[in-house]
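Inside the fold
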Amino acid sequence: DPAQRRIRELSMLSQQLQQVHPNVLAKVLKKETVYQNEEIVVINKPYGLPVHGGPGVKNCITDVLPILAKMLENMRAEPLHLCHRLDKDTTGVMVLARSKEAADRIRLLFKTRQVEKTYWAIVLGDPDPAEGIVDIPIVEKEVQSHQSHYKMTLAPNYRLCPEDGKVVRTRRNRSAESAVTRYRRLGSASACSLLELQPITGVKHQIRVHLAYGVGCPILGDHKYSHWSKLAPQKLPELTLRRLKLEQSKARHLPLHLHAYRLSLPLGQRIDLVCKPPLFFQKSLRRLELDIAQD
């Protein structure tokens, strides 16, 4: 089936990106360049490509920045600099700086929350209310199960008292980081919704955790945060499987549908940087009948 094949091909893509020569990877990123001026280069980050190296990572964006700089500048540029990061399976707007000074300035803009970030996500279910703000701290915890692993999770400041149902303040977890995400539903169909998200803070896996555990709508293809106590493929509603032409047994190959859609940078005047979602995301939108007019 073409849908099954497409998803299998995509799950192989991140493995292939690990095996290509760094020059080939730099060419891929050059092709994905959406904007450049004398200070910055903006790429549409591909799916399945890590930003940093680590165990089992042969190729990552950081390692090919010197090659990409030469390709863009005809062999005489200094290496490009990272200004922020995206998770391996997140796609979309990524800003690189042409000098260390520009990188430091842009990193400070991110740190002081002057950069407006807008993401798109396809999620399971329908958030209630349709728009709102999730303001719940996040902490990393070890999950005790037959296969122990670490996950980010919520560390709420309040809980319901089981005796009288009153809201009581809990003791603050010292390791928890303040995390705030704004969300708005753009459309819903096929037991899924398309959400626009604005992370106000920048905690690891913040959007994924807030949607899965705070709103109760995990991101399509987020196998890590669809269950708490186990590592298992996401369980999809019948209607969603039918529309995606997918069998539940193949759901583990479904990619994470989270895309950094827009970044607004105050560099002198405000620069609006927009990246269209990748092909697999656009196809899922059409199949799920969530396709909306893109500005």
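Remember, it's a predicted structure, so these values are computed and weren't measured experimentally.

The next thing to look at is the side chain of threonine 153. With respect to the helices and strands, threonine 153 occurs in strand β8 (residues 149-154). Those residues in contact with threonine 153, other than ones at most four positions away along the chain, are Pro137, Ile138, Val139, Lys141, Val209, Tyr213 and Trp228.

Topologically, arginine 85 is positioned in the loop between β3 (81-82) and β4 (91-97). For arginine 85, a relative accessible area of 48% gives the class partly exposed. Note: C-alpha distance between arginine 85 and histidine 52 (33 residues apart in sequence) is 8.6 Å.

What follows is about the pairing of strand β13 (residues 258-267). In terms of burial, β13 is a largely internal element, eight of the ten residues being buried. For β4 and β13, the ladder comprises two bridges, and the chain directions are parallel. When the bridges of β13 are listed, threonine 91 appears paired with histidine 259. Where strand β5 (residues 116-124) meets β13, six bridges bridge the pair, whose relative direction is antiparallel. Bridging from a neighbouring strand, lysine 117 pairs with leucine 263 of β13. Two elements, β13 and strand β14 (residues 269-274), share six bridges in a ladder whose sense is antiparallel. Paired with leucine 265 across the strands is isoleucine 271, a residue of β14. Hairpin connection, β13 to β14: the antiparallel pair is bridged by one residue, and glycine 268 has positive phi, about 70°.

This next bit is on the domain arrangement of the protein. Segmentation of the protein into domains returns domain 1 (1-112) and domain 2 (115-263). The straight-line distance from the C-alpha centre of domain 1 to that of domain 2 is 25 Å. Taken together, the contact pairs 20 residues of domain 1 with 20 residues of domain 2. Interface area, domain 1 with domain 2, both sides summed: about 1,600 Å², of which 62% is carbon and sulfur. Looking at the side of domain 1 facing domain 2, the largest losses of area belong to Gln4, Ile7 and Val93, adding up to 32% of the total buried there. Summed over the shared surface of domain 1 and domain 2, the number is one salt bridge. When the shortest N-O distance is used, the salt bridge between aspartate 87 and arginine 208 registers 3.8 Å. A class-by-class count of the residues in the side of domain 1 that touches domain 2 yields nine nonpolar, seven polar and four charged.

Taken as a whole, the largest pocket encloses approximately 830 Å³ of empty space. If you trace the largest pocket, you find 36 residues lining it, with Lys117, Tyr119, Thr201, Gly202 and Val203 closest to the centre. Counting only elements with at least two residues in the lining of the largest pocket, the list comes to α4 (100-111), β5, β12 (192-199), α5 (206-215) and β13. Summarising the domain contributions, the lining of the largest pocket has at least three residues from each of domain 1 (1-112) and domain 2 (115-263). Considered as a void within the structure, the second largest pocket measures approximately 630 Å³ in volume. Along the wall of the second largest pocket there are 28 residues; nearest its centre are Tyr47, Asp87, Lys88, Asp89 and Arg208. Residue composition of the lining of the second largest pocket, by class: nine nonpolar, ten polar and nine charged.

Soluble globular proteins tend to bury their nonpolar side chains together. Formed by 43 residues in total, the largest nonpolar core has its most connected members in Ile61, Leu80, Leu96, Leu197, Leu211, Ile219 and Leu258. If you tally residues by element for this core, the top one is helix α3 (residues 61-73), at six residues. The residue makeup of this core includes at least three contributed by each of domain 1 (1-112) and domain 2 (115-263). Discounting residues that sit within four places of it in the chain, leucine 96 has contacts with Glu39, Ile40, Val41, Ile43, Leu65, Leu68, Leu80, His81, Leu82 and Cys83. Of all hydrophobic cores here, the second largest spans 22 residues; its members include Ile7, Ala189, Leu241 and Leu290.

Definitions and limits used
- Residues numbered from 1 in each chain as written.
- Predicted model: local features only at pLDDT ≥ 70, side-chain atom pairs only at ≥ 80, totals over all residues.
- Heavy atoms only, no water.
- Helix = DSSP H or I, 4+ residues; strand = E, 2+ residues; numbered from the N terminus.
- Contact = heavy atoms within 4.5 Å.
- Buried < 20%, exposed > 50% of the residue type's maximum accessible area, 1.4 Å probe, protein only.
- Pairing = 2+ DSSP bridges.
- Domains from an automatic or database assignment.
- Buried area = accessible area lost by both parts, 1.4 Å probe.
- Salt bridge = Lys/Arg side-chain N within 4 Å of Asp/Glu carboxyl O.
- Nonpolar A, V, L, I, M, F, W, Y, C, P; charged D, E, K, R; others polar.
- 1 Å grid on protein atoms, 1.4 Å probe; cavity = no way out; pocket = protein on both sides within 12 Å on 5 of 7 lines; lining within 4 Å.
- Points joined across faces, edges and corners; volume = space filled by probe spheres on them.
- Core = buried A, V, L, I, M, F, W, Y, C linked by side-chain atoms within 4.5 Å.

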